[in-house]
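Descriptive structure summary
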Amino acid sequence: MDSEVLTKLKSLCRDEAAFEQLRQTLADKIQPLEQQINQANFLVERQKALFHVIARLREPLDLETIFQSTAAEVRQLLGADRVGVFRFYPDCGWNDGEFVSEDVDPEFSSAIAQKIHDHCFGDQFAAHYQQGRIQNVTDIDTAGLSDCHRQILAQFQVRANLVVPLLQGRNLWGLLCIHQCRAPRQWQSTEIEFVQQIANHLAVALQHAELLAELRAEVAERQQAEQRAQKLNQGLQQAILELKAVNAELEAFSYSVSHDLRAPLRSIDGFSQALLEDCFEQLDPSGQDYLRRIRSATQRMGHLIDDLLTLSRVTRSDMRKDTLDLSQVASRICTQLQQASPQRQIEVQVHPGLTAYGDTRLIQVVLDNLLNNAWKFTEKQAQAKIEFGMILQDNGIPLYFVRDNGVGFDPAFLDKLFKPFQRLHSMVEFPGNGVGLATVQRIIHRHGGRVWAEGALDQGATFYFTLIEEKPSA
């Protein structure tokens, strides 16, 4: 109580006993009020400190700045000797770490960057702290602490200790430590509650830092992806230029094949025919046979040139996709084949209403090659059958097929079936240059589809193809 007030009261009292009784009565009334005032002042200062922490969380500050400022404010408000932020090393099982931030009375040594190992903590205490445990030690000498724990506290001159966990999400990131070094200290419930609130707000900062790190990592990854994409685009542009150069060379080669090779072939064929017509009488049978072979070889060479040019055009030509009636195209091709071989009796089945989306000209080449092959390889069958149809697969993609009951093929040579100039039957048996199926495959691949075959010797063959890329099954 104020001494001036006591002097005035004493002058009003006639005896010392009455004054002492009055003084004690007033002291008993005033003391709780003073405690309430002190408590209110503490609460005000606590709210200011919390406000400052929250305000810093809204600013673009790094964790070190937030930790340092918070440690200074908490130490000043609590009148503690040291406030530090301790961080566990990643993947250490919560047995190792160091203080990363601190505010300490100059009278005591700093704990910053001192590596700490506690082999007991990870096994015995980490799980409890992760669930929110708070350590409240009034006097480390009488708290029943383990020897290893007391040794760690002793190296920092700690007499009383208040420790609150710092969580990053659900993970125990570190500890907020309040040390009293001069003497033991009874921690008040309001002080414990305040430190816990500070730790909760620091946990928000840790969560923000984690999200920011993830965001920066994602940004860096996207930047790297963009750089890779730019390199790929540059490589693609270079590949396009090289492809254009190759196409130009192919154009020149096609022109050379079409003009420079055809001219001598025509001359060889023409002069051979002239010899046969004009000098037939002067030639013996061997000479006549040689000339016929020369003409046959030159004509076959001409067909090979035509097939090469067709294969080249399939690869280089622009595609113009549209919806086309496959049933109508297949029926027209079969009618033309029948008209070219009226002596053959063959059963042709074309499923009606089959349509597809693709380049009309190229798809006609596909059906022409497949149906011509089926017609050719059923020539020796007394009851020849050819079928063109479609199966709707489970994934909804149409699977088209051309099936025949002809000579078939040996499955052991299936890998040669679609390679240019690879034949599975001799020219004597079945004429052809072995380019048709290679042409079919290139056209189907340009449409994003697949083509394959099934068959066996003397049991016919079935060629399947799709015109849409099929997704792999899960």
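Residues numbered from 1 in each chain as written. Predicted model: local features only at pLDDT ≥ 70, side-chain atom pairs only at ≥ 80, totals over all residues. Heavy atoms only, no water.

Taking an unreviewed UniProt entry as the reference, the chain is identified by name as histidine kinase belonging to Leptolyngbya boryana CZ1. Reading the Sequence similarities (unreviewed entry) entry of the UniProt record for the chain gives the comment "In the N-terminal section; belongs to the phytochrome family." Within the UniProt record for the chain, the comment given under Catalytic activity (unreviewed entry) is "ATP + protein L-histidine = ADP + protein N-phospho-L-histidine." (UniProt positions renumbered as here; feature names shortened; annotations may be inferred.)

Some points on the overall build of the chain
Helix and strand content of the chain: 11 helices and 13 strands. Residues classed as buried in the chain amount to 37% of the 474 residues present. The long-range share in the chain, meaning contacts at least 24 apart out of those at least 6 apart in sequence, stands at 64%. Summed over all atoms, the accessible surface of the chain reaches about 28,500 Å², with 52% contributed by carbon and sulfur. (Helix = DSSP H or I, 4+ residues; strand = E, 2+ residues; numbered from the N terminus. Buried < 20%, exposed > 50% of the residue type's maximum accessible area, 1.4 Å probe, protein only. Contact = heavy atoms within 4.5 Å. Areas by Shrake-Rupley, 256 points an atom, 1.4 Å probe, with all protein chains shown as cover.)

Remarks on the pattern of salt bridges
A complete count under the given rule lists 11 salt bridges for this structure. Measuring nitrogen to oxygen at the nearest pair gives 2.9 Å for the salt bridge that ties R182 to D105. Of the two residues, R182 sits in the loop between strand 6 (171-180) and helix 7 (189-278) while D105 sits in the loop between strand 2 (96-104) and strand 3 (115-117), which places them 77 residues apart along the sequence. Overall, the relative accessible area of 43% leaves R182 in the partly exposed class. The exposure class of D105 is buried, given its relative accessible area of 16%. The residue E107 makes a salt bridge to R182 at a minimum N-O spacing of 2.9 Å. In this pair, E107 sits in the loop between strand 2 and strand 3 while R182 sits in the loop between strand 6 and helix 7, placing the two residues 75 residues apart along the sequence. Each of D81, D105, E107 and R182 takes part in a single network of salt bridges with overlapping partners. (Salt bridge = Lys/Arg side-chain N within 4 Å of Asp/Glu carboxyl O.)

Comments concerning helix 6 (residues 147-154)
Of the positions making up helix 6, those classed as buried are C148, H149, I152 and L153. Considered in projection along helix 6, the buried side chains sweep an arc of 135° and stay on one side of the axis. The exposed set on the far side of helix 6, more than 90 degrees from its buried face, consists of D147 and Q151. In this fold, the buried residues of helix 6 make contact with strand 3, strand 4 (135-137) and strand 5 (160-168). (Arc of directions from axis to C-beta.)

Concerning a nonpolar patch on the surface
Taken together, the side chains of L212, L215 and V219 define a hydrophobic patch exposed on the protein surface, amounting to about 240 Å² of accessible area. In this fold, L212 is placed in helix 7. (Patch = residues over 30% accessible without salt bridge, like charges linked within 9 Å, V, L, I, M, F, W, Y side chains within 5 Å.)

What about the sheet that holds strand 11 (residues 398-404)?
The strand order across the open sheet formed by five strands is 8-10-11-13-12, and the pairing between neighbours is mixed. Either end of the sheet is taken by a strand with one partner, and the two such strands are strand 8 (346-350) and strand 12 (451-455). With strand direction ignored, the average angle separating the axes of adjacent strands in the sheet is 15°. Seen against the sheet, helix 9 (residues 326-340) touches strand 8, strand 10 (384-392) and strand 11 and runs at an angle of roughly 165° to strand 8. (Pairing = 2+ DSSP bridges. Axes fitted to C-alpha atoms, helices over the stretch in contact; angles between N-to-C directions.)

A few points about the packing of aromatic side chains
In total, this model carries 11 aromatic pairs according to the counting rule given. Through successive ring pairs, a cluster of aromatic residues spans F86, F88, F99, F121, F125, Y129 and F156. When the ring centre of W452 is taken as reference, the NZ or CZ atom of R450 above it lies at 4.3 Å. (Phe/Tyr/Trp six-rings, centres within 6.5 Å; stacked < 30°, edge-to-face > 60°. Lys NZ or Arg CZ within 6 Å of the ring centre and 35° of its normal.)

Quick notes on the sheet that holds strand 6
Strands sit in the order 3-2-1-6-5-4 across an open sheet of six strands; the sheet is antiparallel. At either end of the open sheet lies a strand with only one pairing partner, and these are strand 3 and strand 4. Between one strand axis and the next, the sheet turns by 25° as a mean value, whatever way the strands run. Direction of pairing for strand 5 relative to strand 6: antiparallel, over a ladder of nine bridges.

Focus on the nonpolar core
With 36 residues, the main nonpolar core has L326, L367, L370, L371, F388, F463 and F465 as its most contacted residues. Counting residues per element, this core draws most heavily on helix 10 (residues 360-377), which supplies eight residues. Apart from residues lying up to four places away in sequence, L326 is in contact with L354, T355, A356, I363, L367, F388 and Y400. One finds A160, L166, W173 and L202 within the second-largest nonpolar core, a separate group that totals 25 residues. (Core = buried A, V, L, I, M, F, W, Y, C linked by side-chain atoms within 4.5 Å.)

Here's the deal with the environment of S327
Inspection of the secondary structure puts S327 in helix 9. By relative accessible area, which is 6% here, S327 ends up buried. Put simply, S327 and G353 are 26 residues apart on the chain and 6.1 Å apart in space, counted from C-alpha to C-alpha. Once residues lying within four places of it in the same chain are set aside, the contact partners of S327 are V350, H351, P352, G353, L354 and F388.

Some words on the confidence of the model for the chain
When pLDDT is averaged across the chain, the result is 82; 80% of the residues are at 70 or more. Ranking the elements of the chain by mean pLDDT puts helix 1 (residues 3-12) last, at 63, and strand 11 first, at 95. (pLDDT = per-residue confidence, 0-100.)

Thoughts on the layout of surface pockets
Estimates place the volume of the second largest pocket at around 400 Å³. As for the second largest pocket, its lining consists of 25 residues, and the residues nearest its centre are D118, F121, H149, I152 and L175. Elements with a contribution of two residues or more to the lining of the second largest pocket: strand 1 (82-88), strand 2, helix 6, strand 5 and strand 6. Tallied by class, the residues present in the lining of the second largest pocket amount to 15 nonpolar, seven polar and three charged. (1 Å grid on protein atoms, 1.4 Å probe; cavity = no way out; pocket = protein on both sides within 12 Å on 5 of 7 lines; lining within 4 Å. Points joined across faces, edges and corners; volume = space filled by probe spheres on them. Nonpolar A, V, L, I, M, F, W, Y, C, P; charged D, E, K, R; others polar.)

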